[in-house]
Each structure stands twice: as C-alpha cells, then as structure tokens.
Amino acid sequence: MNEYAEAVSTFKQEVFVDWKLRYRDYLDQGRTSQSVQSKEAALMKASDLYHWQRAELNEIEGPKGRALRKEEIMRWMSANKSELQ
C-alpha cells in the first residue's frame, strides 16, 4: 500500500469509530445494536435499552477491541441518573 492509502485508512479508523452494544432482549435473544459514533452515544443507547426496553446489557464493543463491560455501563448509568431522565 502506498503512503497516501495508508494515511487515508488510518484517518478513517480514527474518525469513523463504531461502538456497538451487545445485549439480550425481552425474548432472551442475543442482539447487537446498530453502531454509533461515540462512546457517550453508546452509553445513552445502553441506558435507553435497559430502562425502556428492559434489555439485559452485556457489553459495549468499541474500536481496536476496546470493550466496556456490564459493570462499567451500570456504574456510568448510576453516576448520570439526573442527565438520563
């Protein structure tokens, strides 16, 4: 690959970051949400699924193998209760 192609590839990886939420729905089926562009948006989506759709959260998968486990998500929701209502 030439230098230009490498630079474009690196730029896309840094700018277009996908965060996906893995959860179990009310029918106890494993699901993966549509990707969102930021960690904060993924946490807000997790909160919505947990509170309004009664989903069981598993993890949020981020870029480069980064993952937020259920405990981290629940801690964030607890710390941000006032913002979520």
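Just above sits the structure.
Residues numbered from 1 in each chain as written. Predicted model: local features only at pLDDT ≥ 70, side-chain atom pairs only at ≥ 80, totals over all residues. Heavy atoms only, no water.

Colleague: Describe the sheet that holds strand β2 (residues 30-32), naming the residues involved and giving the relevant values.
Modeller: The antiparallel open sheet is built from 4 strands, whose spatial order is β2-β1-β3-β4. With partners counted over all chains shown, the strands left at the sheet margins are β2 and β4 (67-69), one partner each. If you compare each strand with its neighbour and ignore which way they point, the axes differ by 20° on average. In this structure, strand β1 (residues 20-24) lies alongside β2, joined through 3 bridges in antiparallel fashion. By the bridge assignment, R22 is partnered in β2 with T32. (Pairing = 2+ DSSP bridges. Helix = DSSP H or I, 4+ residues; strand = E, 2+ residues; numbered from the N terminus. Axes fitted to C-alpha atoms, helices over the stretch in contact; angles between N-to-C directions.)

Colleague: Tell me about the nonpolar core, and name the residues and values.
Modeller: L21, L57, I60 and I73 are the most contacted members of the largest nonpolar core, which totals 14 residues. Among the elements that line this core, the one with the most residues is helix α2 (residues 39-52), at 4 residues. Residues contacting L21, with those up to four places away along its chain left out, are R31, T32, S33, K45, A46, L49, L57, E59 and I60. (Core = buried A, V, L, I, M, F, W, Y, C linked by side-chain atoms within 4.5 Å. Buried < 20%, exposed > 50% of the residue type's maximum accessible area, 1.4 Å probe, protein only. Contact = heavy atoms within 4.5 Å.)

Colleague: I'd like to hear about the pattern of salt bridges, residue by residue, with values.
Modeller: A complete count under the given rule lists 5 salt bridges for this structure. Between E59 and R69 there is a salt bridge, with its nearest N and O atoms 2.0 Å apart. Taken as a pair, E59 in strand β3 (residues 56-61) and R69 in strand β4 lie far apart in primary sequence, 10 residues in all. Among the residues examined, E59 registers a relative accessible area of 16% and is labelled buried. Members of the salt-bridge network, linked through shared partners, are R22, E59, E61 and R69. (Salt bridge = Lys/Arg side-chain N within 4 Å of Asp/Glu carboxyl O.)

Colleague: Tell me what's going on with α2, and back it up with residues and numbers.
Modeller: In a regular helix each residue adds 1.5 Å, so 14 residues correspond to 20 Å; α2 covers 20 Å between its end C-alpha atoms and thus fits that length. Following α2 by one or two positions, R54 has its phi on the positive side, about 55°. (Expected span 1.5 Å × (residues − 1).)

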